[in-house]
Every structure is written in C-alpha cells, then in structure tokens.
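A look at the structure
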Amino acid sequence: MVNKLLCCYQEAFEELYIIESIVNMTMSSCQEREFSGQYYGIPAENLPQLSAERNNYINMLMLLSERIANIMTLNLSMEKEIMLLEQNSNNGR
C-alpha cells in the first residue's frame, strides 16, 4: 500500500516539475520579449496595449508558478508522512 502511494506521489511530483518548467520557460520568454522591446512591427499606438497584455500574462504566470511551488512543497510533506507511515508499519511487524 505504501509503495503504491509513493509511486503515485513520485509520478505526480514529476508531472508538477514538468508543468513548473513549462510555466517558467513561458514566463521567461514573455519577459525577454517585453524587456527587449520586441513588438513585431506593430504600430506605435498599439505598443502600450501589447505591453500591458504581456505584463498581465507575466503576472498570471508568476502566480501560477508560485501555486505550483506551493503544491510541490505540500507533496514533499506528503512524502515525508508516507515514509513515516511506512517506518511505523515496519516497526509494528
């Protein structure tokens, strides 16, 4: 039972790690384009709108990254509890 829990935990953690990596790569790309002023030949009057839109996306990605990090921290706590459960069940044998 404990081994199955650990296996599921590890798979979930790996998926979270991949998601976190994708979010962080996307956020870095948006930041790089915004900070370097890449606007793809858009008329000057539309630049503030594009900049605001990018900044909104960057902010949402930052929030998402923080939430993923929180979930990963909770998962690490679960892993510790599962390990304690396994130790306690082994000690009871």
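Refer to the preceding data block for the structure.
Re the pattern of salt bridges
Tallied over the full model, the rule gives one salt bridge. Among the ionic pairs, Arg-54 bridges to Glu-34, the shortest N-O distance being 3.5 Å. One end of the pair, Arg-54, is in helix α2 (residues 47-91); the other, Glu-34, is in helix α1 (residues 2-36), and 20 residues separate them in sequence. We note that Arg-54, like Glu-34, is buried.

Here's the deal with the nonpolar core
Counting residues in hydrophobic clusters, the biggest one holds eight residues: Leu-16, Val-23, Met-27, Cys-30, Ile-58, Leu-61, Ile-68 and Met-72. Leaving out residues up to four positions away in the same chain, Ile-68 has contacts with Leu-16, Ile-19, Glu-20 and Val-23.

Here we look at a nonpolar patch on the surface
On the surface, a cluster of nonpolar side chains totalling about 430 Å² of accessible area is made up of Tyr-17, Ile-18, Ile-22 and Met-25. On the secondary structure map, Tyr-17 appears in helix α1. Accessibility expressed as a relative area gives 49% for Tyr-17, which makes it partly exposed.

So, the side chain of Asn-75
Within the secondary structure layout, Asn-75 lies in helix α2. The exposure class assigned to Asn-75 is buried, which follows from its relative accessible area of 7%. Excluding its chain neighbours within four sequence positions, the residues that come into contact with Asn-75 are Tyr-9, Ala-12, Phe-13 and Leu-16.

Examining α2
With 45 residues, α2 ought to run about 66 Å at 1.5 Å a step, and its terminal C-alpha atoms sit 66 Å apart, in line with that. On the buried face of α2, the contacting elements are α1.

Regarding the side chain of Glu-20
Structurally, the position occupied by Glu-20 is in helix α1. Salt bridges are absent for the buried Glu-20, whose nearest opposite-charge side chain, Arg-67, sits at 13 Å. Once residues within four sequence positions are removed from consideration, Glu-20 is found in contact with Ile-68, Ala-69 and Met-72.

Cut-offs used in this document
Residues numbered from 1 in each chain as written. Predicted model: local features only at pLDDT ≥ 70, side-chain atom pairs only at ≥ 80, totals over all residues. Heavy atoms only, no water. Salt bridge = Lys/Arg side-chain N within 4 Å of Asp/Glu carboxyl O. Helix = DSSP H or I, 4+ residues; strand = E, 2+ residues; numbered from the N terminus. Buried < 20%, exposed > 50% of the residue type's maximum accessible area, 1.4 Å probe, protein only. Core = buried A, V, L, I, M, F, W, Y, C linked by side-chain atoms within 4.5 Å. Contact = heavy atoms within 4.5 Å. Patch = residues over 30% accessible without salt bridge, like charges linked within 9 Å, V, L, I, M, F, W, Y side chains within 5 Å. Areas by Shrake-Rupley, 256 points an atom, 1.4 Å probe, with all protein chains shown as cover. Expected span 1.5 Å × (residues − 1). Lys, Arg positive; Asp, Glu negative; His and termini not counted.

Taken by themselves, the reported measurements are silent on function.
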